[in-house]
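Examining the three-dimensional arrangement
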Amino acid sequence: MIINTPAQHNIKLSRRLTKGCYDFIDDDGLISLLNETKVDDAEKVRGIIAKSLAKEALTVEETAVLLRVENTELCEEIFDAARKLKSDVYGNRIVIFAPLYIGNYCENNCAYCGFRSGNPDAIRRTLSESEIINQVQALEDEGHKRLILVFGEHRTYSPEFIANTVRTVYATNKDHGEIRRVNINAAPLEIEDFREVHASGIGTYQIFQETYHHETYRRVHPAHTRKGDYLYRLDGLSRAFEAGCDDVGIGALFGLYNWRFEVLGLVSHALYLQERYGVGPHTISFPRLRPASGIDIDSKYIVSDYNFKRLIAILRLSVPYTGMILTAREKESIRREVMSFGVSQIDAGSRIEIGGYTEIGDTQQVIQREQFQLGDMRSLDDVICQLLEENQIPSFCTACYRVGRTGEHFMEYAIPGFIERFCTPNAILTLQEYLVDYGSEKAIELGKKVISANLNKINEKIKPQLLERLAKLDETEDRDFYF
Ligand code: SAM
Ligand code: SF4
């Protein structure tokens, strides 16, 4: 039996950095790049766009040139290029997942977060093992196959606790429901602790730096808290790599400091990991600051919708092979609009109150129980219908990670035909599985059309096998097919 009881662990006082770790974010250097780069140098901008369309990662300096574009027509060229690159590298698939908040006890006091220790209004709670099982079954009943588990930073959320929670999630099945990939968003760990969590079979381990700007970091993360140590956090994913996790996600919380600076921070981080470990991050997240219980957001750095679009498109061009995650923090209208600029993963049907998948009504939010307020509260099926209407293939595929195509193998996206051979057929299979087991009438009708339109594009060598598997999904109880 899996025991999933949070135990009291002593806070580790040791804070070991990786050998050779250094602070690669030079605030003054990045700021002067932004100030000194010539604005709207059309020839240079077009040359950089061409490099990116040839699927080469951009340098920090090249990214700064794109960030300095103000001319609307040049901005449109950036948007068009991002759309093209997205479709060339990722096809018309969007991978779907849901967050599962496990516990909101937190010893940190991040100024922007509803879970911060200094928020007396927060209702604190950690899901018990049986509550986790209930949440997971509710998510499976909706059709989810991929989860990200989210934790506050607290001594009770030890590596052992996190690993046991992952095992509980994988072991929970209902009818045809099963979770096939569990990602983690939690505090940075020590190397041996990452090893313990990795051994439970996690997918991506995400740690967001929040802000790459040192002074802002100090302002929003009190020095006496664990999160107050900038370099320890910056080195977090390097420790993950050294523990064998070659699948990591970086992110910045947009709205704390200048958005252009944060883009340069993210690109610097991606290049650093690529250089040091031969593999860049698997995903980049770019959450925008949302209202939350007991927080007072300074509006100075709030990112407008237009600039949000720009930052997504520029990130897409800068790191062509990195997945980009857009969450339900954003409103439906924005989600629809920016998806095509480069987003490859979204969450759907999300609830971020602890226990929110079973305990709270469909649309009611309880701010004291949330980390922040969501912008898109649609159900999974509604989001799937919208994607199908736009001729995108919602995908629950987990194949790469399960057959070991992670880390440097993600560069296989660069191999011509990889998407046609693996990604599109797997997206079609997982969509069909969703439709057969969980789809509404509307989703089934729309899904049939999208599947048949995309089958026409499938390589003739694979097609017979794909058709056979699709028929099995329809006619038998067999599930979980992939290439
Ligand atoms: N506690 C861990 C940590 O801080 O890394 C992991 C989970 S934390 C709950 C997940 C992320 O939510 C944070 O890294 C932060 O970027 C984001 N977040 C916090 N407050 C937010 C807010 N008010 N609006 C939007 N995102 C927020
Ligand atoms: Fe805690 Fe994470 Fe929220 Fe900071 S962002 S208060 S560490 S849950």
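Our structure is the block above this text.
A quick note: this is a predicted structure, and the numbers were derived from the prediction, not measured. (Residues numbered from 1 in each chain as written. Chains lettered and ligands numbered in written order. Predicted model: local features only at pLDDT ≥ 70, side-chain atom pairs only at ≥ 80, totals over all residues. Heavy atoms only, no water.)

1. Observations concerning unusual backbone geometry
A positive phi is found at aspartate 40, a non-glycine position, where the angle reads about 55°. As for its position among the elements, aspartate 40 is in the loop between α1 (27-36) and α2 (42-53). Taking the relative accessible area as the measure of exposure, aspartate 40 reaches 27% and is therefore partly exposed. With a phi angle near 50°, aspartate 175 is a residue other than glycine that sits in the positive phi range. (Helix = DSSP H or I, 4+ residues; strand = E, 2+ residues; numbered from the N terminus. Buried < 20%, exposed > 50% of the residue type's maximum accessible area, 1.4 Å probe, protein only.)

2. Quick notes on the packing of helix α5 (residues 129-142) against helix α6 (residues 159-171)
It is at 9 Å that the axes of α5 and α6 come closest, and there the two elements cross at 45°. With respect to their mutual orientation, α5 and α6 come out oblique. Like other packed secondary-structure pairs, α5 and α6 cross with a definite hand, here right-handed. Only Thr165, Thr168 and Val169 of α6 make contact with α5, whose side of the interface consists of Glu129, Ile132, Ile133 and Val136. The residue makeup of the contact of α5 with α6, split by class, is four nonpolar, two polar and one charged. (Axes fitted to C-alpha atoms, helices over the stretch in contact; angles between N-to-C directions. Parallel < 35°, antiparallel > 145°, perpendicular 65-115°, else oblique. Left-handed = near helix turned anticlockwise from the far one by under 90°. Contact = heavy atoms within 4.5 Å. Nonpolar A, V, L, I, M, F, W, Y, C, P; charged D, E, K, R; others polar.)

3. Here's the deal with the site of ligand 2
Around ligand 2, the structure places Cys106, Asn108, Cys110, Tyr112, Cys113, Phe115, Arg116, Gly152, Lys227 and Gln371. Given that more than half its atoms are within 2 Å of the pocket grid, ligand 2 belongs to the largest cavity. (Near = heavy atom within 4 Å. 1 Å grid on protein atoms, 1.4 Å probe; cavity = no way out; pocket = protein on both sides within 12 Å on 5 of 7 lines; lining within 4 Å. Sits in = over half its atoms within 2 Å of the grid points.)

4. What to know about the site of ligand 1
The immediate surroundings of ligand 1 are formed by 19 residues, with Glu210, Lys227, Arg233, Arg290 and Gln371 found nearest. Within the side chain of arginine 233, a nitrogen or oxygen atom sits 2.6 Å from an oxygen atom of ligand 1. One nitrogen or oxygen atom from the side chain of arginine 329 is found 2.9 Å from a nitrogen atom belonging to ligand 1. Out of a free accessible area of 560 Å², ligand 1 has 97% covered by protein chains. Its atoms largely coinciding with the cavity grid, ligand 1 occupies the largest cavity. A class-by-class count of the residues in the shell around ligand 1 yields 10 nonpolar, three polar and six charged. (Polar contact = N/O pair within 3.5 Å; in protein donor to acceptor, adjacent residues only side chain to side chain. Areas by Shrake-Rupley, 256 points an atom, 1.4 Å probe, with all protein chains shown as cover.)

5. Points about the pairing of strand β9 (residues 323-326)
Here β9 shows two buried faces, one formed by Gly323 and Ile325 and the other by Met324 and Leu326. One ladder, built from three bridges, connects strand β8 (residues 283-285) with β9; its direction is parallel. Residue pairing in the sheet places isoleucine 284 in a bridge with methionine 324 of β9. Pairing between β9 and strand β10 (residues 345-347): two bridges, direction parallel. From the neighbouring strand, leucine 326 faces β10, where its bridge partner is isoleucine 346. Taken together, β9, helix α13 (residues 332-338) and β10 constitute a β-α-β crossover, and its handedness is right-handed. (Pairing = 2+ DSSP bridges. Right-handed = clockwise from strand over helix to strand, strands pointing away.)

6. Observations concerning the nonpolar core
Among the nonpolar cores identified, the biggest contains 148 residues, and Leu149, Ile184, Phe286 and Leu311 are the most heavily contacted of them. No other element matches helix α17 (residues 418-438), which puts 11 residues into this core. Once residues lying within four places of it in the same chain are set aside, the contact partners of isoleucine 184 are Ile148, Leu149, Phe151, Ile162, Val166, Ile202, Thr204, Tyr205 and Gln206. (Core = buried A, V, L, I, M, F, W, Y, C linked by side-chain atoms within 4.5 Å.)

7. Things to note about α5
Between its terminal C-alpha atoms α5 stretches 20 Å, which fits the 20 Å expected from 14 residues at 1.5 Å a residue. Of all the residues in α5, the buried ones are Ile132, Gln135, Val136, Ala138, Leu139 and Glu140. Positive phi appears at glycine 143, one or two residues downstream of α5, with a value of about 115°. (Expected span 1.5 Å × (residues − 1).)

8. Details of the pattern of salt bridges
A complete count under the given rule lists 35 salt bridges for this structure. Notably, a salt bridge pairs aspartate 229 with arginine 15, separated by 3.6 Å at the nearest N-O pair. Pair noted here: aspartate 229 is in the loop between α8 (214-220) and α9 (230-234) and arginine 15 is in the segment before α1, with a separation of 214 residues, a long-range link. For arginine 288, the salt bridge identified is with glutamate 330, shortest N-O distance 2.6 Å. Pair noted here: arginine 288 is in the loop between β8 and α12 (305-318) and glutamate 330 is in the loop between β9 and α13, with a separation of 42 residues, a long-range link. What makes arginine 288 buried here is its relative accessible area of 10%. What you see here is one network of salt bridges that share partners, running through Glu332, Arg335, Arg336, Asp347, Asp376, Arg378 and Glu390. (Salt bridge = Lys/Arg side-chain N within 4 Å of Asp/Glu carboxyl O.)

9. As for the packing of aromatic side chains
Enumeration according to the criterion identifies 17 aromatic pairs in this entry. Aromatic pair tyrosine 101 and phenylalanine 115: ring centres 5.9 Å apart, planes at 80°, arrangement edge-to-face. Remark: phenylalanine 115 occurs in the loop between β1 (93-103) and α5 and tyrosine 101 occurs in strand β1; sequence separation between them is 14 residues. Tyrosine 101 sits in the buried class, given a relative accessible area of 5%. For phenylalanine 115, a relative accessible area of 4% gives the class buried. (Phe/Tyr/Trp six-rings, centres within 6.5 Å; stacked < 30°, edge-to-face > 60°.)

10. With respect to the side chain of glutamate 433
In this structure, glutamate 433 sits in helix α17. For glutamate 433, the side chain forms a polar contact with the side chain of arginine 180, separated by 2.6 Å. Apart from residues no more than four positions distant in its own chain, glutamate 433 is found in contact with Lys145, Arg180, Leu473, Arg479 and Asp480.

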